[in-house]
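Each chain, letter by letter, is given below.
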Amino acid sequence: MTKGRIFGTTIHSTREESIEAESNDMSTTKIFTDGSGFEGGAGAAAVIYQNGSPTPTSSLKYHLGKLKDHSTYEGEAVGLILAAWLIRLYCKNKIGTEGISIYTDCQSVIDSVYDMKPGPSQYLLNEFHALIASFTNLGNNPSKFTINWISVHSQVNGNEQVDKEAKEAAQGISTPKIFLPPLLQCPLPTGKSALLQQAKETRTVKWRALWETSPRNKRMKKIDKDFPYTKFGKLTNKLMRKQTSILIQMRTGHLPLNDYLYKRKLAQLPNCNACLGGHKETLEHLLKECIAYKEQRKNLRKVLRERSLADFSTMLSDPKRARLIVKFVEGTKHWTNGYMRNPDQQI
Ligand SMILES: [Zn+2]
């Protein structure tokens, strides 16, 4: 589909369609652009081909900086700025009279540069528009000036070339400043997404330093060495609220079993009421021994066979194993609606 004002945009639904459209494109000028995140750096490049020649007329490349400061998406936007600069240098007043096609493998940058909705790297896309603004009085024709999507790894000569040059740019190589558009003659400010990421990392470092010296840290390590539960979301996203509650009680060592309750004077005896065999109702008894839960234990057996209860904390950190254990405990009906049962209740 082609749409547009001073320029049109074309996005195809398949890789093959994009390659075929490029080979049928008879435009006098084709410019391939790319943004690259490679070996810790961010780079951008644009390569111009004219009059069907397989040899580039020229190319520009720009090293944005480190990937921690700039995204690949910013590289894609800079690629468009380089393309606009090449058009000014090599097409002059041919805009709208001879076909000019820009190619990029980034669909989102095509959408953003056309719609110009507020978003990341907006100032870079504004610069692209500013550079092409002077073309508007030259009889512009959106069908003759297009920005097109082409699939990555398309084996199209221009696309492969720009991919190579953008990687070089990511590694620190830029075209001499004097040949670059004014905006790119100075270092670019750190991208918004990179700044947010850096702020998050700084917060995490500060929090870790505070946590390391906190007296609660020592206590928590005895209970659960995996705290602060970085995988907790993944672990619980398939659990019901009640099941999550059971999991937390197990991980923090606060299962309302008789042995635990007895020590806190909340049960008359520490013994298991389910088998009445005189055993203390501990976690180990519940999971491994109690004959009252023979049936429920079948699903759990393969988990317990592989690891001892000494590794219980590790097992509860593994989503699949944790879910099995929680379901087993739930099946023992020790809990109703996620709350502690009556300690003396008979099962
Ligand atoms: Zn028992």
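Just above, that's the structure.
Because the structure is predicted, anything quoted here is derived from the model rather than measured.

Quick word on the overall build of the chain
- What the chain contains, in helices and strands, is 14 helices and nine strands.
- Taken over 347 residues, the chain has a buried fraction of 32%.
- The contacts of the chain with a sequence gap of at least 6 include a subset with a gap of at least 24, amounting to 73%.

Considering the packing of helix α9 (residues 241–251) against helix α14 (residues 319–331)
- Contact geometry of α9 with α14 gives a least axis separation of 10 Å together with a crossing angle of 100 degrees. When the axis of α9 is compared with that of α14, the two are roughly perpendicular. Of the residues in α14, those in contact with Gln243, Ile246 and Leu247 of α9 are Ala322, Val326, Val329 and Glu330.

Let's talk about unusual backbone geometry
- Positive phi, normally seen in glycine, also occurs at Lys265, with a value near 60 degrees.
- The topology assignment puts Lys265 in the loop between α10 (258–263) and α11 (283–289).
- At Leu276, a position not held by glycine, the phi torsion is positive, near 50 degrees.

Description of helix α4 (residues 122–133)
- The end-to-end C-alpha distance of α4, which contains twelve residues, comes to 16 Å, matching closely the 16 Å that a straight helix rising 1.5 Å per residue would cover.
- Those residues of α4 not exposed but buried are Leu124, Leu125, Glu127, Phe128, Leu131 and Ile132. Axial view of α4: buried residues confined to an arc of 150 degrees, hence all on one face. Residues Tyr123 and Ala133 are exposed on α4 and point more than 90 degrees away from its buried face.
- Against α2 (72–90) and α3 (107–115) lie the buried residues of α4.

Considerations on the nonpolar core
- Ranked by internal contacts, the top residues of the largest apolar core, which has 47 residues, are Ala46, Ile81 and Leu82.
- Considering each element in turn, this core owes the most residues, eleven residues, to α2.
- With residues near it in sequence (within four places) discarded, Leu82 still touches Thr33, Ala44, Ala45, Ala46, Leu60 and Tyr62.
- By size, the runner-up hydrophobic cluster in this structure holds 20 residues, among which are Leu235, Leu247, Met250 and Cys290.

So, how was this worked out
- Residues numbered from 1 in each chain as written.
- Predicted model: local features only at pLDDT ≥ 70, side-chain atom pairs only at ≥ 80, totals over all residues.
- Helix = DSSP H or I, 4+ residues; strand = E, 2+ residues; numbered from the N terminus.
- Buried ≥ 20, exposed ≤ 12 C-beta atoms within 10 Å, placed from the backbone.
- Contact = placed C-beta atoms within 7 Å.
- Axes fitted to C-alpha atoms, helices over the stretch in contact; angles between N-to-C directions.
- Parallel < 35°, antiparallel > 145°, perpendicular 65-115°, else oblique.
- Expected span 1.5 Å × (residues − 1).
- Arc of directions from axis to C-beta.
- Core = buried A, V, L, I, M, F, W, Y, C linked by C-beta atoms within 7 Å.

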